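Structural description and commentary
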Amino acid sequence: KAGVTQTPRYLIKTRGQQVTLSCSPISGHRSVSWYQQTPGQGLQFLFEYFSETQRNKGNFPGRFSGRQFSNSRSEMNVSTLELGDSALYLCASSLAVSGANTGELFFGEGSRLTVL
Amino acid sequence: AQSVAQPEDQVNVAEGNPLTVKCTYSVSGNPYLFWYVQYPNRGLQFLLKYITGDNLVKGSYGFEAEFNKSQTSFHLKKPSALVSDSALYFCAVRVLIKAAGNKLTFGGGTRVLVKP
C-alpha cells in the first residue's frame, strides 16, 4: 500500500511569507505527527494529530500550526516566515495514538523549505 | 522528560567489518526504543524497535540492537557492513503514557561511512 505522501517536496519562500505543507498518511492510519529537521537542532517534534484533534505539541512558536481533516490528511502552516524556518519538514503516520500502540512511525520523504 | 544521546557524530568502518552505532537514553518509566535510517534527501526509514522481551532485537537489512537496561543503552549493530549502509542513523525513544501520544524523542544522529 502507498506510503506517507508529502507535498510539495521542495519550496522556496521569502521572509514574511507563509507556507502550507500537506501530508497524506498511510491508509488506515489515524495519527499524524510533524517533525522539523535542521542541521543545528536535529529532529524536533512539532505536533501530533489524531481524529482531527491536536494531541501533543512541541516547543515551537504560535507561527507554527496544523490541522487534520476527517480523512486523516494533515496540513501544517508556518506564518511570517523567518530565515531559521528553513528546514526539512517530516510527516509521520501511525495506527493509533497511545494505549496499546507500540508501533513505529512511518515517515514521508519530507518537504524541504528554503526561506530567503 | 526523556532524552537520547548518540555520542558519535560519525562512525567510519571498512566494508565487511562489524558496525556499531551507540545510543543511550534517559526516560521515566519503561522505554520504547527505535532505530531509524535516513539516506540523503529522503525521509526516515524504520529499522527496528524494542518494546519488551528479548534484549536482542533483529531488524531490517541485517541490523540488530541490544537493549541494556542497567546501562540505559540501545546500541545498533551489524556484523558485516556494506557500502550501501552509509547513511544517517537516528535512535529514538517513546514512553507509553497517554499524554505522550506518539511523540518520539530523537538523538542527534550518527553518520555512518562505510569504505570499500
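Just above, that's the structure.
Residues numbered from 1 in each chain as written. Chains lettered and ligands numbered in written order. Predicted model: local features only at pLDDT ≥ 70, side-chain atom pairs only at ≥ 80, totals over all residues. Heavy atoms only, no water.

Across all of its chains, the model carries nine salt bridges over all chains by this definition. When the shortest N-O distance is used, the salt bridge between Arg42 of chain B and Glu109 of chain A registers 2.5 Å. Taken together, the positions of Arg42 of chain B in the loop between strand S5 (31-38) and strand S6 (44-50) and Glu109 of chain A in the loop between strand S10 (106-107) and strand S11 (111-115) put the pair across two chains. Residue class for Glu109 of chain A comes out partly exposed when judged on its relative accessible area of 27%. Sharing partners across several salt bridges, the network here consists of Arg63, Glu82 and Asp85 of chain A. (Salt bridge = Lys/Arg side-chain N within 4 Å of Asp/Glu carboxyl O. Helix = DSSP H or I, 4+ residues; strand = E, 2+ residues; numbered from the N terminus. Buried < 20%, exposed > 50% of the residue type's maximum accessible area, 1.4 Å probe, protein only.)

All names here are of chain B. In terms of burial, S5 is largely enclosed, as eight of its eight residues are buried. As paired strands, S5 and S6 are joined by six bridges and run antiparallel to one another. Bridged to Tyr36 within S6 is Phe46. If you look at the hairpin formed by S5 and S6, you'll find five residues sitting between the two strands, and Asn41 has a positive phi there, around 60 degrees. (Pairing = 2+ DSSP bridges.)

This brings us to the sheet that holds strand S3 (residues 19-24) of chain A. Strands belonging to one sheet form pairs held by backbone hydrogen bonds; the direction of such a pair is parallel or antiparallel. All names here are of chain A. In space, the four strands of this open sheet follow the order S1-S3-S8-S7, with antiparallel pairing throughout. Taken across any chain shown, the strands that pair with only one partner, and hence form the sheet edges, are strand S1 (5-7) and strand S7 (64-68). Mean inter-strand twist for the sheet, computed between neighbouring axes without regard to direction, equals 15 degrees. The pairing of S3 with strand S8 (residues 74-78) spans five bridges and is classified as antiparallel. Of the residues in S8, the one forming a bridge with Thr20 is Asn77. (Axes fitted to C-alpha atoms, helices over the stretch in contact; angles between N-to-C directions.)

Moving on, we get to the packing of aromatic side chains. Residue and element names in this part refer to chain B. Counting across every chain of the model gives 15 aromatic pairs over all chains. On the numbers, 5.9 Å between centres and 70 degrees between planes, the contact of Tyr36 with Phe46 is edge-to-face. Highlighted residues: Tyr36 in strand S5 and Phe46 in strand S6, separated in sequence by ten residues. Ring geometry for Tyr50 versus Phe67: centroids 4.1 Å apart, planes at 15 degrees, classification stacked. (Phe/Tyr/Trp six-rings, centres within 6.5 Å; stacked < 30°, edge-to-face > 60°.)

So far we have only geometry, and geometry alone does not tell us how the molecule works.
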